[in-house]
Amino acid sequence: QVQLAESGGGLVDAGGSLRLSCLASGEVGRINAMAWFRETPGKRRELVAGITSGGTTRYGEYVKGRFIISRDGAKKSMYLQMNSLTPEDTAAYFCAADNSDYLTKFIWDYWGQGTQVTVSS
């Protein structure tokens with residue numbers, strides 16, 4: 001099994017930045033694609049950014065140019081640099097990982113517990 005643990009969330013003013021981290025443990029050799037999703041009450045969980053084992057990335061339309069996803073070569077960590085944050089970015093952010101290398105899946109194999117990001121206006 002794979003365990004994912006997020007960190008780095010918190011409260012930030014609009015226009016500020018945060019860096020989220022996701023640390024994988026357990027059978028990390030199973031992991032190929034990794035991604036960040038976010039969720040707010042009453043809204044469907046949505047993809048923020050994803051990255052394949054080869055480094056191909058995909059971003060949600062609302063974060064392009066503001067957020068940058070990255071991962072280390074050993075598959076053990078993934079990061080999300082979030083810049084120019086707005087109150088609309090307020091959400092619980094979840095780390096996800098998958099045995100496949102596809103970024104278009106909605107149901108992923110492994111999920112973290114989430115970290116809250118709150119952006120004040």
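Remember, predicted model here, so these are calculated numbers, not experimental data.

Asker: I keep staring at the sheet that holds strand S7 (residues 67–71) and nothing clicks. Help me out?
Answerer: The sheet built from four strands is open, its strands ordered S1-S3-S8-S7 with antiparallel pairing. Strands at the two margins of the open sheet, each flanked by one partner only, are strand S1 (2–7) and S7. The sheet shows a mean angle of 15 degrees between the axes of neighbouring strands, taken without regard to direction.

Asker: Looking at this structure, how should I read the pattern of salt bridges?
Answerer: A side chain of one charge can pair with a side chain of the opposite charge if their charged atoms are brought near each other. Here the structure, examined in full by the defined rule, presents six salt bridges. Across the salt bridge formed by Glu39 and Arg45, the nearest N and O atoms sit 2.8 Å from each other. In this structure, Lys105 and Asp98 form a salt bridge, with 2.9 Å as the shortest nitrogen-oxygen distance. Using a relative accessible area of 29% as the deciding quantity, one classes Lys105 as partly exposed. Several salt bridges converge on common partners, so that one network encompasses Arg38, Glu46, Arg66 and Asp89.

Asker: Would you take a moment to explain the environment of Asn83 for this structure?
Answerer: Checked against the element boundaries, Asn83 lands in the loop between strand S8 (77–82) and strand S9 (91–97). Separated by 65 residues in the primary sequence, Asn83 and Leu18 have C-alpha atoms spaced 6.8 Å apart. In contact with Asn83, other than residues within four places in its own chain, are Gly16, Ser17, Arg66 and Phe67. Within the structure, Asn83 has its side chain in polar contact with the side chain of Gln81 (distance 3.0 Å).

Asker: It is not clear to me how the packing of aromatic side chains should be interpreted in this structure. Could you clarify?
Answerer: Aromatic ring pairs are defined here through the distance separating the ring centres and the angle between the ring planes. The full count for this structure, using the stated rule, is two aromatic pairs. Taken together, a centroid distance of 5.8 Å and an interplanar angle of 75 degrees make the contact between Phe37 and Trp108 edge-to-face. Taken together, the residues Phe37 in strand S4 (residues 34–39) and Trp108 in the loop between S9 and strand S10 (110–111) connect sequence positions 71 residues apart. Between Phe37 and Trp111, the ring centres sit 5.1 Å apart and the planes meet at 55 degrees, which makes this aromatic pair tilted. Here Phe37, found in strand S4, pairs with Trp111, found in strand S10; they are 74 residues apart in sequence, far enough to count as distant. Each member of the aromatic cluster is reached from another via a ring pair, and the members are Phe37, Trp108 and Trp111. One Lys or Arg, Arg44, reaches over the ring of Phe106 and ends 4.6 Å from the middle of that ring.

Parameters at a glance
Residues numbered from 1 in each chain as written. Predicted model: local features only at pLDDT ≥ 70, side-chain atom pairs only at ≥ 80, totals over all residues. Heavy atoms only, no water. Pairing = 2+ DSSP bridges. Helix = DSSP H or I, 4+ residues; strand = E, 2+ residues; numbered from the N terminus. Axes fitted to C-alpha atoms, helices over the stretch in contact; angles between N-to-C directions. Salt bridge = Lys/Arg side-chain N within 4 Å of Asp/Glu carboxyl O. Buried < 20%, exposed > 50% of the residue type's maximum accessible area, 1.4 Å probe, protein only. Contact = heavy atoms within 4.5 Å. Polar contact = N/O pair within 3.5 Å; in protein donor to acceptor, adjacent residues only side chain to side chain. Phe/Tyr/Trp six-rings, centres within 6.5 Å; stacked < 30°, edge-to-face > 60°. Lys NZ or Arg CZ within 6 Å of the ring centre and 35° of its normal.

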